[in-house]
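Reading the structure
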2 protein chains.
Amino acid sequence: MSQSSATAVAHPNIAFIKYWGNQNDALRLPQNGSISMNLGDLTTRTSVQFSSGLSEDRISVNGSFLKGEALSRVSRFMDQVRGLADEKRYAEIESVSNFPIGAGIASSAAAFAALALAGSAAAGVNLSEPELSRLARLGSGSACRSIPAGFCEWIQGDSDETSIAVSIASPASWQLTDLIAIVSTEHKKVGSTAGHSGAATSPYQQARVESAPERLVECRNAILHRNFDRLAEVSERDSTMMHAVMMTQNPPLFYWAPSSLTIMNAVADWRAEGLPCFFTLDAGPNVHVLCPSAVADEIQSRLLQLSGVQNVISSRPGGAAQIMP
Amino acid sequence: MSQSSATAVAHPNIAFIKYWGNQNDALRLPQNGSISMNLGDLTTRTSVQFSSGLSEDRISVNGSFLKGEALSRVSRFMDQVRGLADEKRYAEIESVSNFPIGAGIASSAAAFAALALAGSAAAGVNLSEPELSRLARLGSGSACRSIPAGFCEWIQGDSDETSIAVSIASPASWQLTDLIAIVSTEHKKVGSTAGHSGAATSPYQQARVESAPERLVECRNAILHRNFDRLAEVSERDSTMMHAVMMTQNPPLFYWAPSSLTIMNAVADWRAEGLPCFFTLDAGPNVHVLCPSAVADEIQSRLLQLSGVQNVISSRPGGAAQIMP
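What counts and how
The numbering scheme is per chain: residues are counted from 1 as the chain's sequence reads. Chains carry letters and ligands carry numbers; both start at the beginning, A for chains and 1 for ligands, and go up in the order they are written. Local features in a predicted model are, by the rule used here, given only for residues with pLDDT of at least 70; side-chain atom pairs are given and counted only at 80 or more, and totals for whole chains, interfaces and linings are based on all residues. The side-chain figures draw on all heavy atoms in the structure; neither hydrogens nor water molecules are used. In superposing the copies, a least-squares fit is computed on C-alpha atoms, taking residues whose pLDDT is at least 70 in both. Here, residues are in contact when the closest pair of their heavy atoms is within 4.5 Å. Each residue gets one of three labels from its accessible area relative to the maximum for its type: buried under 20%, exposed over 50%, partly exposed in between, using a 1.4 Å probe on protein chains only. In this text, helices come from DSSP runs of H or I with a minimum length of four residues, and strands from runs of E with a minimum of two, each type numbered from the N-terminal end. One requirement defines pairing of two strands: DSSP has to find at least two bridges between them. Angular values range over 0 to 180 degrees, each being the angle between N-to-C directions of two axes fitted as lines to C-alpha atoms, with helices fitted over their stretch in contact. Domain ranges listed in this record stem from an automatic or a database domain assignment. As a working definition, buried area equals the accessible area (1.4 Å probe) given up by two parts on being put together, with both sides summed. Any carboxyl oxygen of Asp or Glu that lies within 4 Å of a side-chain nitrogen of Lys or Arg is treated as forming a salt bridge with it. Polar contacts, as counted here, are pairs of nitrogen or oxygen atoms within 3.5 Å of one another; within protein the pair requires one atom able to donate a hydrogen and one able to accept it, and residues that are adjacent in sequence qualify only if both atoms are side-chain atoms. In these notes the angle categories are as follows: under 35 degrees is roughly parallel, over 145 is roughly antiparallel, 65 to 115 is roughly perpendicular, and the rest is oblique. When the near helix sits turned anticlockwise from the far one by under a right angle, the crossing is termed left-handed; a clockwise turn instead gives a right-handed crossing. Put simply, Ala, Val, Leu, Ile, Met, Phe, Trp, Tyr, Cys and Pro go in the nonpolar bin, Asp, Glu, Lys and Arg in the charged bin, and everything else, Gly too, in the polar bin. Aromatic rings from Phe, Tyr and Trp, with only the six-membered ring used for Trp, were paired whenever their centres fell within 6.5 Å, and each pair was classed as stacked if the ring planes differed by under 30 degrees, edge-to-face if by over 60, and tilted otherwise.

Moving on, we get to the relation of the copies chain B and chain A. Turning chain B through 180° and shifting it by 0.0 Å along the axis lays it on chain A, with an RMSD of 0.0 Å. What the rotation and shift describe, once combined, is the action of a two-fold rotation axis. Taking the C-alpha atom as reference, chain B places Pro258 of chain B closest to the rotation axis, 2.0 Å from it. Residue by residue, 100% of the interface of chain B is reproduced at the interface of chain A, so both copies engage with the same surface.

Before going further, it helps to spend a moment on the pairing of strand 6 (residues 44-51) of chain B. All names here are of chain B. Here strand 6 shows a buried face lined by Thr44, Thr46, Val48 and Phe50 and an unburied face lined by Arg45, Ser47, Gln49 and Ser51. When strand 1 (residues 5-10) meets strand 6, the two strands line up antiparallel, connected through six bridges. Residue pairing for strand 6: Thr7 is matched across the bridge by Ser47. Relative to strand 9 (residues 90-97), strand 6 runs antiparallel, the two being bridged by eight bridges. In the sheet register, Arg45 faces strand 9, and the bridge partner there is Val96.

Residues and elements named next belong to chain A. Within the open sheet, the four strands sit side by side as 2-5-10-11. Their pairing is antiparallel. Sheet topology places strand 2 (13-17) and strand 11 (165-169) at the edges, where each strand pairs with a single neighbour. Taking the axes of each pair of neighbouring strands and ignoring which way they run, one obtains an average angle of 35° across the sheet. Pairing between strand 5 (residues 34-38) and strand 10 (residues 151-154): four bridges, direction antiparallel. Opposite Ile35, over in strand 10, you have Glu153 as the bridge partner.

We now examine the domain arrangement of chain A. All names here are of chain A. Under the domain assignment, chain A is made up of domain 1 (5-172) and domain 2 (173-315). Taken over C-alpha atoms, the centre of domain 1 sits 23 Å from the centre of domain 2. When the area that domain 1 buries against domain 2 is broken down by residue, the three leading residues are Phe16, Lys18 and Trp20, summing to 29%. In this structure, the connection of domain 1 to domain 2 is made through two salt bridges. In this structure, the salt-bridge partner of Arg220 is Glu153, at a minimum N-O distance of 2.6 Å. Taken together, domain 1 and domain 2 are joined by 16 residue pairs in polar contact (both at pLDDT 80 or more). Secondary-structure elements contributing two or more residues to the side of domain 1 that touches domain 2 are strand 2, strand 5, strand 10 and strand 11.

So, on to the sheet that holds strand 14 (residues 287-292) of chain A. Residue and element names in this part refer to chain A. The four strands lie next to each other as 13-14-12-15, forming an open sheet whose pairing is antiparallel. Pairing within the sheet leaves two strands with one partner each, and these edge strands are strand 13 (278-280) and strand 15 (309-315). On average, each strand axis in the sheet is inclined to that of its neighbour by 25°, with strand direction left out of account. Pairing of strand 13 with strand 14, which is carried by three bridges, proceeds in the antiparallel orientation. For Phe279, the partnering residue across the bridge sits in strand 14 and is Val289. Helix-sheet contacts for helix 6 (residues 228-247) involve strand 12 (176-183), strand 13 and strand 14, and the interaxial angle to strand 13 is about 30°.

The angle between the axes and the distance between the axes are what describe a pair of packed helices. Residue and element names in this part refer to chain B. Direction vectors running N to C along helix 2 (residues 107-122) and helix 3 (residues 129-139) enclose 125°, while the axes themselves pass 8 Å from each other. For the element pair helix 2 / helix 3, the angle class is oblique. Pair helix 2 / helix 3 crosses with right-handed handedness. Counted together, Phe112, Ala113, Ala116, Leu117 and Ser120 of helix 2 and Leu132, Leu135, Ala136 and Gly139 of helix 3 form the full contact between these two elements. Classifying every residue of the contact of helix 2 with helix 3 gives seven nonpolar, two polar and no charged.

If you look at the interface, chain B gives 23 residues, while chain A gives 23 residues. Across the chain B/chain A interface, buried area totals approximately 2,100 Å², and carbon plus sulfur atoms make up 69% of it. Together, Tyr204, Phe254 and Leu261 of chain B form the three largest contributors to the area buried by chain B at its contact with chain A, with a combined 27%. Between chain B and chain A we count zero salt bridges in total. One can count two residue pairs in polar contact (both at pLDDT 80 or more) joining chain B with chain A. Where the side of chain B that touches chain A is concerned, the elements lending two or more residues are helix 5 (205-224), helix 6 (228-247) and helix 7 (258-273) of chain B. With six residues, helix 7 of chain B is the single largest residue contributor to the side of chain B that touches chain A. When its residues are assigned to classes, the side of chain B that touches chain A shows 14 nonpolar, five polar and four charged.

Residues and elements named next belong to chain A. For the structure shown, the criterion picks out 16 aromatic pairs over all chains. A ring pair is formed by Phe77 and Phe112, whose centres lie 5.3 Å apart and whose planes are at 75°; its orientation type is edge-to-face. Of this pair, Phe77 sits in helix 1 (residues 68-85) while Phe112 sits in helix 2 (residues 107-122), and the two are 35 residues apart along the sequence. For Phe112, a relative accessible area of 7% corresponds to the buried category. Put simply, the rings of Phe16, Phe151, Trp174, Phe228 and Phe278 touch in pairs and so form one group of aromatic residues.

Another point: the side chain of Lys18 of chain A. All names here are of chain A. Residue position: Lys18 is located in the loop between strand 2 and strand 3 (22-24). Under the relative-accessibility criterion, Lys18 is labelled buried at 1%. At a separation of 2.9 Å, a polar atom in the side chain of Lys18 contacts the main-chain carbonyl oxygen of Ala15.

Our focus in this paragraph is the environment of Ser75 of chain A. Residues and elements named next belong to chain A. Along the chain, Ser75 turns up in helix 1. Along the backbone, Ser75 and Gly139 are 64 residues apart, and their C-alpha atoms lie at a distance of 10.0 Å. With near-sequence residues (within four places) excluded, Ser75 lies in contact with Asp57, Ile59 and Arg82. There is a polar contact of 2.6 Å between the side chain of Ser75 and the side chain of Asp57.

Below, the discussion takes up the packing of helix 1 (residues 68-85) of chain B against helix 2 of chain B. Residue and element names in this part refer to chain B. Interaxial distance between helix 1 and helix 2 falls to 10 Å at its minimum, and their mutual angle equals 40°. As far as their axial angle goes, helix 2 and helix 1 are oblique. In terms of crossing hand, the pair formed by helix 1 and helix 2 is right-handed. Here Arg73, Val74, Phe77, Met78 and Val81 of helix 1 lie close against helix 2, whose contacting residues are Phe112, Leu115, Ala116, Gly119 and Ser120. Here the residues of the contact of helix 1 with helix 2 are counted per class, giving seven nonpolar, two polar and one charged.

All names here are of chain A. Mapped onto the elements, Ser202 comes out in the loop between helix 4 (195-198) and helix 5 (205-224). Classification of Ser202 as buried rests on a relative accessible area of 4%. When sequence neighbours within four positions are dropped, the list of residues in contact with Ser202 reads Val245, Thr248 and Gln249.

If you want it as C-alpha cells, here you go:
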C-alpha cells in the first residue's frame, strides 16, 4: 500500500570538474563527466504530499509559492515522478533551505535531489541510489550529484539509464572545508537560462570537453589519495576553463565580478605563501575557497578582510540525500 | 657614402585581432595574423649614431641606460641592422617616449619600429616598408605593425621574408579614438616573458589559432566598411579569446585586474544603452576603450568616474614610422 507523503533532505554540491553543456538538453545528458563534493552544512528539506483535493501542484520555496515557468518546471518533473507509480494526484510540496537563496549557491541541485527522493517515496516507489540519481538529473543536471554521499562523480553515460552519479569517497574520508565568499557584484548578473545550450557557440567548448577525461582522472585520483595540491591544480584549471568557455560564448557570459578576481588573486598568493587553498566558481560571482579544515579559520578571517567580500559561508563534506522520519 | 646617424619616430599600436604564440620563436613568426591601429598621439622618438669610439652599444631609454638582458636584446637587434650594411661600429642610441612607461602600453612595438627605421637609416641602408616591417618584427613581433600607417594587418606568412605588416586603411579613413583606462592593479603583475612560448600549453590555443582567419576577415571588412558594431563585436571576442588562452596556460597568466572587469562590464552596459564603444586588452590590466571620436569626451568622462580608473590616455589613429629631418 502506497504512502502519500514523505520528507527528504539533500545538500547542494560544489563541482571540482564542472558540468557545462549537454549532448541532449531534454534528458540533461552532459557533454562530459563531472566530480563534486556535497556541502553538508547546507541543507534543503522538502516534503511532498499527494492529495486528491488539488487541481495542480502547489509548491512553496522558503514560504513563497512558485508561479509561471518555475512552477511548470517542477510540475513537469513531478509528472516524471507520478509516471513511476501510476500516481494521478497532484502534490503539495514545501521546500525550505538553510542557506541564502540568490546568494549564488546553486540551490537547484539540492532542491531536485530532495524532491526526487521525497516525491518518489511519497508515491510509494522505492528507488535505488542510481535510479534516484537518474531521476534527480532530469530536474537539474547537477542534482544527480547530490543523491550519493560525500565526493561524487557524475558518469557521463550515453543514455538516460547510464548517466548517473556515484559516490567515490565518503564525507568522512577527507577533512576539507568549502568557504564560500559572497561578493558584492556591482553589476547585474547575466542570466544563465540559455547558458548550457549556448556552450556549443564557444570555439573552446570542444577542446574543454575533449580534455575533460584526463582532468577527471586527475581529480578522482587526487580525492582518492587525498592529495590537496593535485586537487587544487586541476580544480582551478577546470574552473577557469569553464569560465573561458562561458566568456567566449555568443552572447558572452561573464560571471566573474571584479571582487571575484580580487579573491582569486589573493588565493593564489596565499597558496604561494604555503597556505593550502584553491578557488573554484560555478555560474556566479561567488568564490568557493576549498582548504584543509585545519586552516579554515585562518583563511576565513583573511577572506573577510578582502574588499568586496560581504560574508563567508562555511561547509564540510556532506552525506547522501535521505528520507526524514 | 653612408651616413652615421639618424632619428625616427614611431607609434605604439593597439591590436583588434591579437598576436599570441609563435610558430617560430627565434624569428617571431606568429601562429596567426593580426590587425591593429597605430596610436598617433603616443610617440617614441629614437636616434642612432654609429661611432668608432664605442666598445659596445650604449642605449638610453627615457634617460636611463639599459643593462643586462634588456641591453643584450637591443644589441642583438642592432647586430641584425649592422649585418645589412656591413657596419662594424657600435651605436649610441637614445629613445624617448611621450607616454608613461610601465603603464601597460606595449612600448616595445613603438621602440623597435623606431629603432629599425633609425638604425637602418644611420647604417646607410634604404629599406622598403615591407623590409622595415620585417626587420622591426625581429625585435618585437607587434613592432612590425607600427611601421606602416593607420590600420595595419600583420600577414602571418611562413618565413622571415613573408611575415610582414601592411597598411589596410589610412589613419584619416576613420575617426576613432582609443581611450586607455589606466587602472590600479591591487596585485603584482604576472610577468609576460614566458607568455608567448607558454601559449601552446593552453588547451584553447589551437582553437584560437584555427578560428583566427575568420576573425581577420571580419575585422578587415569592419575597418574597410567603417562598420563600428562589427569591429566592436569581433574585437571584444578576440580579446577575450586571447585572455582565455592566457588564463588556461601552464602556469596560468591572469592579466585582468578587478578594475579591468569593472570597466569591461561598464563598456558592455554603455553599448547596450546605445553609446558606441568596445573594450580590448593587451597583456596587461589597462583597458583600451575604442569609440567614434564624436563620443570620446562622453566616454572619457564616464571612465574617469569608475572606481579603480586612475587616468585615461587618449589617442587618434596614427601614421607610419618616419625619419625626422
